[in-house]
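Spelled out, the chains give:
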Amino acid sequence: YTVDHFNGNGGASIFSFSFPLGAIIPDDGYIDDLGRSIGFLVIKNTNHTVANFDYEWGTTGMQNGADGLEFRDNSGTRIQALTWGGLGDLTGGTPAWRNVGTDDSGDNGISAPDGVQEFLQNIWSSEVATPGDINNNQISGDISLPVELTSFTAVGGDGRVSLKWVTQSEIDNQGFYLYRSNDKEGNYSQLSDLIKGTGNSSSTITYAYVDESVFNGNTYWYKLIDVDVNGVRTAHPVISAVPHVSSTDIDIVDNAGIPKEFALKGNYPNPFNPETTISFDIPETENDLINVNLSVYNMLGQKIITLLNEPLAANSYKVKWYGKDSNGQLVPSGIYFYLIKTENFISSHKMMLIK
């Protein structure tokens, strides 16, 4: 199987990526930013800002359209294909090319495939921005919030809580303050000095802070406040975390958003050696925190290790398993099952360790 990159002007080959012999191409292995399983992902190896990619093709970069990618089997039969910036000369064939990059201006902006783009344009509507107190009564120009926050997350560790927040855009942003409380509705004390912002930005910016003045087992609530150049402060919704002793690497999936339902995802990679990552979703419930147990079992139903057993807030998480049992010993090759349990949800998946 190959992924070939063609020049839309004449159809010349720019590069061809062949999957390694014995490779398992997942049909739902890549999880996008919204938590959806959308197939496999092949990227150039200098673009490691993309999470959960399956394969790398080398150093050759992408080009402006009209160009295209074609997924073919070993007989050269096209399985799927797409173009951007117009179809160019890459028409015909079965299945046909799916154009994901032409809009009314003819540039290379990514848009919807086939007739979806035209359908969406017919139903889109726009409304005039309404000035108000939230924008300091601004009546012209860019009527928008100083900071567009994509996510604000907290993960408890051993004697620490790791805080991370991501902004989609910033306008005249001076920076951020963090506040902490032992009670969601209680008094919040300032935790940090001013964490400098980027001022003005239309790019995604990630910030991080580690709170090490905590005690394991206690629940801590955090509030993030941004401050613009005029000193106007905007508070964002509070989040919580419980620091704890753990031998498991657990992290929050960046930019995933708060899930709408429970889900246990397929581990990646699978088969694996020596480690694999298990992802799951916890939606908002009546309780601020919900206890989550994630354990690994062998084919006989014997528990190998408990990876996670602690209260978590609503979010998308990923946990690494290093192929070891509860005594820290490497387990043999074979098929294993990982099972997640909460008060309202239970699910399991199969994985294979190959040495």
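Scroll up to find the structure this text is about.
Please read these numbers as outputs of a predicted model, since none were measured by experiment.

Caption draft 1: Molecular detail of the overall build of the chain. Looking only at helices and strands, the chain has one helix and 23 strands in total. With 355 residues in all, the chain has 40% of them scored as buried. Restricting to contacts in the chain with at least 6 residues of sequence separation, those with at least 24 account for 51%. With the model as given, the accessible surface of the chain reaches about 19600 Å², and the carbon-plus-sulfur share is 49%.

Caption draft 2: Representation of the packing of aromatic side chains within the structure. According to the stated counting rule, one finds eight aromatic pairs in the structure shown. Three or more aromatic residues joined by ring pairs form one cluster here, namely Phe152, Trp165, Phe176 and Tyr207. In this structure, Lys223 is placed above the aromatic ring of Tyr188, and the distance from its NZ or CZ to the ring centre is 4.5 Å.

Caption draft 3: Structural context of the sheet that holds strand 17 (residues 263-264). Across the sheet, which stays open at both edges, the four strands sit in the order 16-21-18-17 with antiparallel pairing between neighbours. Either end of the sheet is taken by a strand with one partner, and the two such strands are strand 16 (250-252) and strand 17.

Caption draft 4: Up close: the sheet that holds strand 20 (residues 303-312). Reading across from one edge, 20-19-22-23 is the order of the four strands in this open sheet, with antiparallel pairing throughout. Taken across any chain shown, the strands that pair with only one partner, and hence form the sheet edges, are strand 20 and strand 23 (346-353). The mean inter-strand angle of the sheet, taken between neighbouring strand axes irrespective of direction, is 15 degrees.

Caption draft 5: Focus on the pattern of salt bridges. Going through the model one piece at a time under the given rule, you end up with five salt bridges. The salt bridge involving Lys265 is made with Asp281; its shortest N-O contact spans 3.4 Å. Taken together, the residues Lys265 in the loop between strand 17 and strand 18 (276-282) and Asp281 in strand 18 connect sequence positions 16 residues apart. Among the ionic pairs, Lys320 bridges to Glu275, the shortest N-O distance being 3.2 Å. One end of the pair, Lys320, is in strand 21 (residues 315-321); the other, Glu275, is in the loop between strand 17 and strand 18, with 45 residues separating them in the sequence. Using a relative accessible area of 32% as the deciding quantity, one classes Lys320 as partly exposed. Linked through salt bridges whose partners overlap, the residues forming this network are Asp4, Glu70 and Arg72.

Caption draft 6: Spatial organisation of unusual backbone geometry. For the bond running from Asn270 to Pro271, omega is 5 degrees, close enough to zero to count as cis. By secondary structure assignment, the location of Pro271 is in the loop between strand 17 and strand 18. Look at the link from Asn273 to Pro274: it is a cis peptide, with omega at 5 degrees. Considering the arrangement of structural elements, one finds Pro274 in the loop between strand 17 and strand 18. For Asp172, which is not glycine, the phi torsion reads 50 degrees and is therefore positive. In this structure, Asp172 sits in strand 9 (residues 160-181).

Caption draft 7: Local environment of the side chain of Ser192. Relative to the elements of secondary structure, Ser192 occurs in the loop between strand 10 (189-190) and strand 11 (195-201). Polar side-chain contacts of Ser192 include one of 3.0 Å to the backbone nitrogen of Leu178. Apart from residues lying up to four places away in sequence, Ser192 is in contact with Phe176, Tyr177, Leu178 and Tyr209.

Caption draft 8: A look at the nonpolar core. By size, the foremost hydrophobic cluster in this structure holds 29 residues, and its most contacted members are Phe280, Leu294, Val296 and Trp321. Among the secondary structure elements, those contributing two or more residues to this core are strand 16, strand 18, strand 19 (290-297), strand 20, strand 21, strand 22 (334-341) and strand 23. Ranked by the residues each element gives to this core, the list is headed by strand 20, at five residues. When near neighbours in sequence (up to four residues on either side) are disregarded, Val296 contacts Gln302, Lys303, Ile304, Ile305, Leu307, Trp321, Tyr336, Phe337, Tyr338 and Met351.

Caption draft 9: Representation of the environment of Ser326. Secondary-structure assignment places Ser326 in the loop between strand 21 and strand 22. Note on Ser326: relative accessible area 57%, which makes it exposed. Each C-alpha atom of the pair Ser326 and Ile305 lies 4.7 Å from the other, and the pair is 21 residues apart in sequence. If we ignore the near neighbours within four places in the chain, the residues touching Ser326 are Ile304 and Ile305.

Caption draft 10: Seen up close, the environment of Leu308. Checked against the element boundaries, Leu308 lands in strand 20. Those residues within four positions of Leu308 in sequence are excluded, and the remaining contacts are Ile250, Phe280, Val292, Asn293, Leu294 and Val319.

Caption draft 11: Here's a closer look at the pairing of strand 20. Summarising the sheet, strand 19 and strand 20 pair through eight bridges and their orientation is antiparallel. Each residue of the ladder has a partner; that of Leu294, found in strand 20, is Leu308.

Caption draft 12: Structural view of the pairing of strand 19. Burial within strand 19 is extensive, with seven of its eight residues counted as buried. Counting the residues that bridge the hairpin from strand 19 to strand 20 gives five residues, and of these Gly301 lies at a positive phi of roughly 85 degrees. The pairing of strand 19 with strand 22 spans five bridges and is antiparallel. Counterpart to Leu294 in the pairing with strand 22 is Ile340.

Definitions and limits used
- Residues numbered from 1 in each chain as written.
- Predicted model: local features only at pLDDT ≥ 70, side-chain atom pairs only at ≥ 80, totals over all residues.
- Heavy atoms only, no water.
- Helix = DSSP H or I, 4+ residues; strand = E, 2+ residues; numbered from the N terminus.
- Buried < 20%, exposed > 50% of the residue type's maximum accessible area, 1.4 Å probe, protein only.
- Contact = heavy atoms within 4.5 Å.
- Areas by Shrake-Rupley, 256 points an atom, 1.4 Å probe, with all protein chains shown as cover.
- Phe/Tyr/Trp six-rings, centres within 6.5 Å; stacked < 30°, edge-to-face > 60°.
- Lys NZ or Arg CZ within 6 Å of the ring centre and 35° of its normal.
- Pairing = 2+ DSSP bridges.
- Axes fitted to C-alpha atoms, helices over the stretch in contact; angles between N-to-C directions.
- Salt bridge = Lys/Arg side-chain N within 4 Å of Asp/Glu carboxyl O.
- Polar contact = N/O pair within 3.5 Å; in protein donor to acceptor, adjacent residues only side chain to side chain.
- Core = buried A, V, L, I, M, F, W, Y, C linked by side-chain atoms within 4.5 Å.

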